[in-house]
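What follows is each chain in one-letter form.
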Amino acid sequence: AKLEKLPEIVLFADGAAIPFRGVAHRIEHRPSARGTAWIEHDESGSAKLCVAGNAAHVSRRVTDFLKREAMRALSEASRAYDLRLGVTLGKITLRDSASRWGSCSSEGRLNFSWRLVCAPPFALDYVAAHEVAHLREMNHSNRFWKLVGRAMPDWEQARYWLQEKGSHLHAIGDD
């Protein structure tokens, strides 16, 4: 019964629909195009993630694109929350953890799952706010949750989204 509830695996391949910033994007391989990967919208407004080059490189190029965008979005969100909470950011790294969306080391390093870039922006922002709050409170005390609330007043909605739909993010990609 639990296996039946698991989300369907979606590989990074031509024609596959994957979420990016919470919006479905169809992967479109363009073998004769130059470059790596980019976002376009067609005349109807549908979003596409276009990938140039050899078909054998589509999956890696999609993964690389998502990781670049995840680093940009998570760095930007973390910087906004560090200013709001008056803390200093350490190094930010990306991982592909199956058990947590982010973590904060005692040295102030923040680690995030690159898959957060597939979630709606409010979910990514919540994880950034949560981990930046750990730079002040390395626990989940009432003081910690007040800091999260100060950084992002509607954090509960994002936390609920990740609990309910976050497993779908782990079902995309080739690994």
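All of these numbers come straight from a predicted model, not from anything done at the bench.

S.K.: Pulling in residues and values, what's your account of the overall build of the protein chain?
M.R.: If you tally the helices and strands in the protein chain, you get five helices and seven strands. Ordered by position in the sequence, the α and β elements of the protein chain form the string α-β-β-β-β-α-β-β-β-α-α-α. Relative to the globule expectation of 16 Å for 175 residues, the C-alpha radius of gyration of the protein chain, 17 Å, shows essentially globular dimensions. For the protein chain, the spread of C-alpha atoms along the three principal axes comes to 55 × 40 × 30 Å. In the protein chain, buried positions account for 46% of the 175 residues. Taking the intrachain contacts of the protein chain between residues at least 6 apart in sequence as the baseline, contacts between residues at least 24 apart amount to 51%. Counting only carbon and sulfur atoms, one obtains 50% of the accessible surface of the protein chain, whose full area is about 9700 Å². Looking at the protein chain, you have 25 positive and 21 negative side-chain charges, and the mean spots of the two groups are 6 Å apart.

S.K.: I'd like to hear about the packing of aromatic side chains, residue by residue, with values.
M.R.: Summed over the entire model, instances satisfying the criterion amount to four aromatic pairs. Look at W145 and W155: their rings are 4.6 Å apart centre to centre, the planes differ by 25°, and that puts the pair in the stacked class. Of this pair, W145 sits in helix α4 (residues 142-151) while W155 sits in helix α5 (residues 155-165), placing them ten residues apart in sequence. Cluster of aromatic residues (ring-pair linked, three or more members): Y126, F144, W145 and W155.

S.K.: Tell me about the nonpolar core, and please be specific about residues and values.
M.R.: With 49 residues, the main nonpolar core has V62, L66 and Y126 as its most contacted residues. Listed by contribution, the elements that provide at least two residues to this core are β1 (17-20), β4 (47-52), α2 (58-85), β7 (110-113), α3 (121-133), α4 and α5. For this core, the element with the most residues is α2, which contributes ten residues. Apart from the residues lying within four places of it in its own chain, the contact partners of V62 are F12, I18, I27, L49 and V51.

Calculation criteria
Residues numbered from 1 in each chain as written. Predicted model: local features only at pLDDT ≥ 70, side-chain atom pairs only at ≥ 80, totals over all residues. Heavy atoms only, no water. Helix = DSSP H or I, 4+ residues; strand = E, 2+ residues; numbered from the N terminus. Rg over C-alpha atoms; globule rule 2.2 N^0.38 Å. Buried < 20%, exposed > 50% of the residue type's maximum accessible area, 1.4 Å probe, protein only. Contact = heavy atoms within 4.5 Å. Areas by Shrake-Rupley, 256 points an atom, 1.4 Å probe, with all protein chains shown as cover. Lys, Arg positive; Asp, Glu negative; His and termini not counted. Charge placed at Lys NZ, Arg CZ, Asp CG, Glu CD. Phe/Tyr/Trp six-rings, centres within 6.5 Å; stacked < 30°, edge-to-face > 60°. Core = buried A, V, L, I, M, F, W, Y, C linked by side-chain atoms within 4.5 Å.

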